[in-house]
Amino acid sequence: MHFDSSTKKRLETILNQKEELKDAQTALKDGIKALAEEMGVKSTVVTRILSLVEKERAKGGVIADEQEIVSAAGEVV
């Protein structure tokens, strides 16, 4: 296996990107935690809200479907 200067640069670029991604993931986690604290809920609640919003934006109808499921569960209880 041979690493020329171009290959080394590309490897270094990938390592830098991975570090940036790690930093972004940490910042995202911290942001979710801070928002959850402000809202007085657990981080998982904020994560669930974000997930539903993302799915709704991507294909629509997701929130309405979830509301129907929760309504049906409420009737069972």
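Rules behind the numbers
Residues numbered from 1 in each chain as written. Predicted model: local features only at pLDDT ≥ 70, side-chain atom pairs only at ≥ 80, totals over all residues. Heavy atoms only, no water. Salt bridge = Lys/Arg side-chain N within 4 Å of Asp/Glu carboxyl O. Helix = DSSP H or I, 4+ residues; strand = E, 2+ residues; numbered from the N terminus. Buried < 20%, exposed > 50% of the residue type's maximum accessible area, 1.4 Å probe, protein only. Expected span 1.5 Å × (residues − 1). pLDDT = per-residue confidence, 0-100. Patch = residues over 30% accessible without salt bridge, like charges linked within 9 Å, V, L, I, M, F, W, Y side chains within 5 Å. Areas by Shrake-Rupley, 256 points an atom, 1.4 Å probe, with all protein chains shown as cover.

Turning our attention to the pattern of salt bridges. Under the defined criterion, the tally for this structure stands at one salt bridge. In this structure, the salt-bridge partner of Arg48 is Glu66, at a minimum N-O distance of 3.0 Å. One end of the pair, Arg48, is in helix 2 (residues 43–59); the other, Glu66, is in helix 3 (residues 62–76), and 18 residues separate them in sequence.

With respect to the helices and strands, the residue Thr47 is situated in helix 2. We classify Thr47 as partly exposed; its relative accessible area is 40%.

Moving on: the environment of Leu50. Inspection of the secondary structure puts Leu50 in helix 2. Counting along the chain gives 31 residues from Leu50 to Glu19, while the straight-line C-alpha distance between them is 24 Å.

Here helix 1 (residues 5–39) is 35 residues long and its end C-alpha atoms lie 51 Å apart, about the 51 Å a rise of 1.5 Å per residue gives. Once helix 1 finishes, Gly40 follows within two positions and takes phi at roughly 75 degrees, a positive value.

Our next topic: the confidence of the model for the protein chain. Mean pLDDT for the protein chain: 96, with 100% of residues reaching 70 or above. Predicted confidence in the protein chain is weakest over helix 3, with a mean pLDDT of 94, and strongest over helix 1, with 97.

Looking now at a nonpolar patch on the surface. Judged by side-chain polarity, Leu35, Met39, Val41, Val45, Ile49 and Val53 come together as a nonpolar surface patch covering roughly 420 Å² of accessible area. Counting residues per element, the ones that place at least two in the nonpolar patch are helix 1 and helix 2. Element by element, the count of residues in the nonpolar patch is highest for helix 2, at three residues. Along the polypeptide, Val45 turns up in helix 2.

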